[in-house]
Amino acid sequence: MKPFIFLFLAGSLFISTLSMAQSGTGASRLRCEHLTDPLGIDNPLPRFSWVLQDNEPGAVQQSYQVTVQKEDGQEMWNSGTVASAQTLITYKGQELEPFTRYRWSVTLTGKDGRRYPAAAPAFFETGMMQQTNWKGGWISDGTDIKLLPAPYFRKSFNLSKTVKSARVYIAAAGLYELSLNARKIGDHRLDPMYTRFDRRNLYVTYDITDQLKPGKNAIGVLLGNGWYNHQSTAVWFFDKAPWRNRPAFCLDLRITYSDGSAETISTDRSWKTALSPVRFNSIYTAEHYDARNEIPGWNQPEFDDSKWASAIDRSVPSRQITAQTLHPIRDVVKITPVDLKKFNDTNYVFNLGRNISGVSEIRVSGAAGTVLRLIHSERIHSSGHADLSNINVHYRPTDDSDPFQTDIFTLKGTGEETFKPRFNYKGFQYVEVISSKPVQLGSSSLTGYFMHSDVPPVGTVATGSPLINKIWEATNNSYLSNLFGYPTDCPQREKNGWTGDAVIALETGLYNFDGITVYEKWLADHRDEQQPNGVLPAIIPTSGWGYQWANGPDWTSTIAIIPWTLYQFYGDTKPLADNYENIKSYVDHITELYPTGLTTWGLGDWVPVKSKSPVELTSSLYYYKDVTILAKAAALFNKKEAASRYMALAEKIRKAINDKYLDVTTGIYGTGLQTELSTPVYWGVVPDALKARVVANLAKKVTADGIQLDVGILGAKAVLNVLSENGYADLAYQLAARTTYPSWGWWIENGATTLYENWQIDAKRDASLNHIMFGDIGAWFYKALGGIFPDPEHPGFSNILLKPNFVTGLNTFNATYNSVRGSIRSSWKKSKHQVVYECVIPANSSATFYLPASWEPERNRQLPGIKNPDGSYTLSSGTYSFQLKKK
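Model, not experiment: these values are computed from the prediction.

Cut-offs and rules
Residues numbered from 1 in each chain as written. Predicted model: local features only at pLDDT ≥ 70, side-chain atom pairs only at ≥ 80, totals over all residues. Heavy atoms only, no water. Helix = DSSP H or I, 4+ residues; strand = E, 2+ residues; numbered from the N terminus. Buried < 20%, exposed > 50% of the residue type's maximum accessible area, 1.4 Å probe, protein only. Areas by Shrake-Rupley, 256 points an atom, 1.4 Å probe, with all protein chains shown as cover. Lys, Arg positive; Asp, Glu negative; His and termini not counted. Charge placed at Lys NZ, Arg CZ, Asp CG, Glu CD. Pairing = 2+ DSSP bridges. pLDDT = per-residue confidence, 0-100. Contact = heavy atoms within 4.5 Å. Expected span 1.5 Å × (residues − 1). 1 Å grid on protein atoms, 1.4 Å probe; cavity = no way out; pocket = protein on both sides within 12 Å on 5 of 7 lines; lining within 4 Å. Points joined across faces, edges and corners; volume = space filled by probe spheres on them. Nonpolar A, V, L, I, M, F, W, Y, C, P; charged D, E, K, R; others polar. Axes fitted to C-alpha atoms, helices over the stretch in contact; angles between N-to-C directions. Salt bridge = Lys/Arg side-chain N within 4 Å of Asp/Glu carboxyl O. Parallel < 35°, antiparallel > 145°, perpendicular 65-115°, else oblique. Left-handed = near helix turned anticlockwise from the far one by under 90°.

Asker: What am I meant to see in the overall build of the protein here?
Answerer: For the protein, the helix and strand inventory stands at 14 helices and 47 strands. By its C-alpha atoms, the protein is 85 × 70 × 55 Å across when sized along the principal axes. Every one of the 887 residues in the protein was classed for burial, and the buried ones make up 62%. When the accessible surface of the protein is split by element, carbon and sulfur atoms take 49% of a total near 32100 Å². Taken as two groups, the 90 positive and 86 negative side-chain charges of the protein have centres that lie 2 Å from each other.

See below:
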């Protein structure tokens, strides 16, 4: 590719290319269903997407042509040449067949009709597609929900012909670990993802072609309880779930031979089962493993299973068995302890140096029957021992056999032994090991594994402030610690899919990670959980808890805000289309309950510093946002009558809020608290003529409060954004960069590597040290400092809004965001009263740059781009540099 440079001549900026020869490579980053080369998809109309790779200034896609073929070359679809800059399209070809691999490619034309080389083909592979294509039956080892040990299952089979390809399709009620010839299949953890098991179950597809061997083979399956057979007891009553049963699974191993024939080996009563050394497993608490009960070779082909019991048939848990089409959970980071404290030969405490979600692995030698307890905690007592008091408050054990976050490992006494739990995860920084007999442990005896949904990183933030960098890192750590196939609140005390926490952290997640697949799965969970009258529970999935408390619009607006925000970031209308009727049902129910336009349904500004704003105000604002989204979605889908009706309802709600809470003379909402003043601006109900006055009052209030926060989670989402987007970015930065209570920096100053649940580090309740509900600040860095916003009129970053703020107190800032159109960069460097601002606009995108009000071009320098009547500048793709000075 040919580079290009910027020349500053006679006070003007010119973009000059060193060569006008072709510099691009065409389509890259080909994705199907937002995944790279996915296996086992069920969508009959899959989505294809790509990125135009071309560094030439002004590069733009003028047309695309997509072709889809079977492996044998049969063409399934040829879109023809379509004059469009779209980079996300939906398949419109012949009906796709199950169990089939398809190759697809895209050819693009650019400026002046120049044709780029065709992209290297990508592939996708269909799965079951229809429920009737399953051959296997659901099997288990019984129905006793009180039976503690996890069951093994095995099946041996012979291969007498040459294998062309082989796939395993496995669905489970509970969790599983799959092996073939004693080798674990894949690198996923905690499959399948948690769903409402009696309404939908997920299956996973594996390519095992290379792991089969001629002659005898053996499949092994170890089943865990997960959320399906919840044996631990806590306040959410998962042990009383209506779906609860002994874990079960269904498996089809589909083999295609080189001669064209096919064979399917499926689950039935011929499979054999026995109890494993996993003597107890709980997704909520921990795992107990007795190595003395190990069965050597149990999943080897030649193992004698004649004494094992036959599997039993079980009814299917639900009528929906669908493909798990999302980024899986993995062991993402391996962590070596930074410190080891030895109390004596039976008591050690390991410190990982950071708070994580995941598990620990121990390597130890000892006498047979030695019992090790591995206690996982976020903090330690002054004595140095593990302290669980901040995270076990909702646990309601019936006896002492299931200690919280405590793995129990019993040695078999045959040299060095290793234990790593399979069917749970925890939130922790410290691991205290208590042994029944002396053992010798060193710093290398234990390893931590940071587990989470392995969503690809797409954003980076780097600043001249070590504090801001640490807050950004801690926010990402908390976000990932709470992403396990659905967004959660904390990885230790609850692991619940709290809707309110997810709304707060949504943009933080999308600026930093490619998370659409997880959110689409979770929206399906919403649809599974929604009552016929439109009501959603506060936690999703749920066994029934949360329909009567905490589920007002300030929390369960996830059903509207998530699909709308995905549309803004990805330009993908499918999440909106999939959930349109659910949004409508939800909004209609609120309207029926609260015909005045004001609702008191909700929790309000949760965990405030000291002042609590009215629930009616904040919940009505979310209600307004939901209705506005519904009206816009209706317009997008050409539902004109509905769009008009819901826009009128939105105006009614807006008027009701302002009539009750806004003093038009003073520009103050309610009593003038920070949340009362910021949230109406953030959610767009303030009359245009009064907006500046309301924001000025907010700035005055923040200043009067000592330039410190006085908000809960709803206010924390609003206050920084409202200040920075309305002329008070310096004040917002002062709040963000504080190091005294209450602030994000206060947590960092006290050793935090994740975000906390409470502004008070020594809170007596709500004291988790790994929560995401104050996590919107992670998105604020991109928006307020980098100025990177999706354009609501041109979603999917086909046009980028650039509104950076060069705040006092920070001298350098750099943000990159790898959008669905390509990599966006926004960076600046200050020296005295000057700043150099640089940005990169990817090919096939444009940007609207807004010069901060207090800055102007250096003398005799003309800014690049096309100046618009409102003072902004339109930029085509390329790299730009602005030299500015303070007015």
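Asker: How should I be thinking about the pairing of strand E8 (residues 101-109) in this particular structure?
Answerer: Remember that side chains alternate between the two faces of the sheet whenever the strand is regular. Most of E8 sits out of view: 8 of its 9 residues are buried. Where strand E5 (residues 63-70) meets E8, 8 bridges bridge the pair, whose relative direction is antiparallel. Paired with Lys70 across the strands is Tyr102, a residue of E8. In terms of strand pairing, E8 meets strand E9 (residues 122-125) through 4 bridges, oriented antiparallel. For Tyr102, the partnering residue across the bridge sits in E9 and is Phe124.

Asker: Looking at this model, I keep getting lost on the sheet that holds strand E16 (residues 215-224). Mind explaining?
Answerer: The strands making up a sheet are joined through hydrogen bonds of the backbone, oriented either antiparallel or parallel. With antiparallel pairing, the 6 strands of this open sheet are ordered in space as E14-E13-E16-E11-E19-E22. Among the strands making up the open sheet, the edge pair consists of strand E14 (183-184) and strand E22 (309-310). Pairing of strand E13 (residues 175-180) with E14 involves 2 bridges; the strand directions are antiparallel. Residue Leu180 lies in a different strand from E14, and its bridge partner there is Arg183.

Asker: In this structure, what is going on with the confidence of the model for the protein? I would like to understand it.
Answerer: Atomic detail in the predicted coordinates should be set aside for any region of low pLDDT. Confidence in the prediction for the protein averages 96 pLDDT; 97% of positions are at 70 or higher. Of the regions scoring below 50 in pLDDT, residues 1-23 engages in 52 contacts with residues more than four places distant in sequence or in other chains.

Asker: Got a minute to help me understand helix H5 (residues 558-570) in this structure?
Answerer: Residues lying three or four places apart along an α-helix face the same way, a consequence of the helix completing one turn every 3.6 residues. Compared with the 18 Å implied by 1.5 Å per residue over 13 residues, the 17 Å span of H5 between its first and last C-alpha is a close match. Counting buried residues along H5, 13 of its 13 residues qualify, which places the element largely inside the surrounding structure. One or two steps after H5, the chain reaches Gly571, where phi turns positive at roughly 65°.

Asker: Quick question: what am I supposed to make of empty space enclosed by the protein here?
Answerer: To find leftover empty space, one rolls a probe the size of a water molecule over the atoms. Scanning the model with the defined rule gives 6 cavities of 30 Å³ or more in all. For the largest cavity, the calculated volume is near 110 Å³. Around the largest cavity, the lining is made up of 14 residues, and of these Leu175, Leu190, Tyr194, Trp227 and Ile283 lie nearest the centre. For the lining of the largest cavity, the per-class residue count stands at 12 nonpolar, 2 polar and no charged. Reported here for the second largest cavity is a volume of approximately 100 Å³.

Asker: I keep staring at the pairing of strand E6 (residues 75-78) and nothing clicks. Help me out?
Answerer: As defined by bridge partners, E5 adjoins E6 across 3 bridges and the pair is classed as antiparallel. For Val68, the partnering residue across the bridge sits in E6 and is Trp77. The turn linking E5 back onto E6 is made up of 4 residues, and Gly73 within it adopts a positive phi angle of 95°.

Asker: Can you help me understand the sheet that holds strand E47 (residues 878-886) in this one?
Answerer: Strand order in this open sheet of 6 strands is E35-E40-E41-E42-E47-E44, and the pairing throughout is antiparallel. In this open sheet, the two edge strands, each paired with only one partner strand, are strand E35 (459-463) and strand E44 (855-857). Sheet twist, expressed as the mean angle between neighbouring strand axes with direction ignored, is 20°. Bridging between E35 and strand E40 (residues 812-819) involves 5 bridges; their strand directions are antiparallel. If you follow Val461 over to E40, its bridge partner there is Ala815.

Asker: Just to check I follow, could you spell out the layout of surface pockets for this structure?
Answerer: Considering only enclosed or pocket space, the largest pocket measures out at about 1700 Å³ in volume. Residue lining of the largest pocket: 49 residues in total, with Tyr682, Lys691, Glu725, Phe789 and Lys803 positioned closest to the centre. Of all the secondary structure elements, the ones that give two or more residues to the lining of the largest pocket are helix H2 (499-512), H5, helix H7 (615-636), helix H9 (674-682), helix H10 (688-704), helix H11 (713-724), helix H12 (729-736) and strand E38 (788-790). Looking at which element gives the most residues to the lining of the largest pocket, the answer is H5, with 5 residues.

Asker: Any chance you could explain the pattern of salt bridges here in plain terms?
Answerer: This model, assessed by the stated rule, comprises 48 salt bridges. Between Arg167 and Asp207 there is a salt bridge, with its nearest N and O atoms 3.0 Å apart. You can see Arg167 sitting in strand E12 (residues 163-173) and its partner Asp207 sitting in strand E15 (residues 201-207), a full 40 residues away along the chain. Accessibility expressed as a relative area gives 9% for Arg167, which makes it buried. Asp207 gets classed as partly exposed once you look at its relative accessible area, which sits at 36%. Here Asp305 and Lys272 are joined by a salt bridge, their closest N and O atoms 4.0 Å apart. Here Asp305, found in the loop between strand E21 (287-290) and E22, pairs with Lys272, found in strand E19 (residues 272-275); they are 33 residues apart in sequence, far enough to count as distant.

Asker: Looking at this structure, I do not really get the environment of Tyr850. What am I missing?
Answerer: Residue placement: Tyr850 occurs in the loop between strand E43 (846-849) and E44. Along the chain, Tyr850 and Gln674 lie 176 residues apart, while their C-alpha atoms are 27 Å from each other. Once residues within four sequence positions are removed from consideration, Tyr850 is found in contact with Leu801, Leu802, Lys803, Pro804, Asp870 and Ser872.

Asker: Sorry, what's going on with the packing of H5 against helix H6 (residues 574-593) here?
Answerer: Packed helix pairs are characterised by how far apart their axes lie and by the angle those axes make with each other. Across the interface, H5 lies against H6 with an axial gap of 9 Å and an inter-helix angle of 155°. With respect to H6, the element H5 is oriented roughly antiparallel. H6 is crossed by H5, and the crossing has left-handed handedness. Residues Ile559, Ala560, Pro563, Trp564, Leu566 and Tyr567 of H5 form the contact with H6, whose own contacting residues are Pro575, Leu576, Asn579, Asn582, Ile583 and Tyr586.

Asker: Would you take a moment to explain unusual backbone geometry for this structure?
Answerer: Peptide bonds are mostly trans, and most non-glycine residues show a negative phi. Across the junction of Asp191 and Pro192, the peptide omega takes the value -10°, indicating a cis bond. The residue Pro192 is located in the loop between E14 and E15 in this model. In this chain, Ile540 is followed by Pro541 through a cis amide linkage whose omega measures 0°. Secondary-structure assignment places Pro541 in the loop between helix H3 (516-529) and helix H4 (553-556). Unusually for a residue other than glycine, Met129 sits at a positive phi of about 65°. Within the fold, Met129 resides in the loop between E9 and strand E10 (138-140). Since its relative accessible area comes to 17%, Met129 is described here as buried. Not every positive phi belongs to a glycine, and Lys832 is a case in point at roughly 55°.

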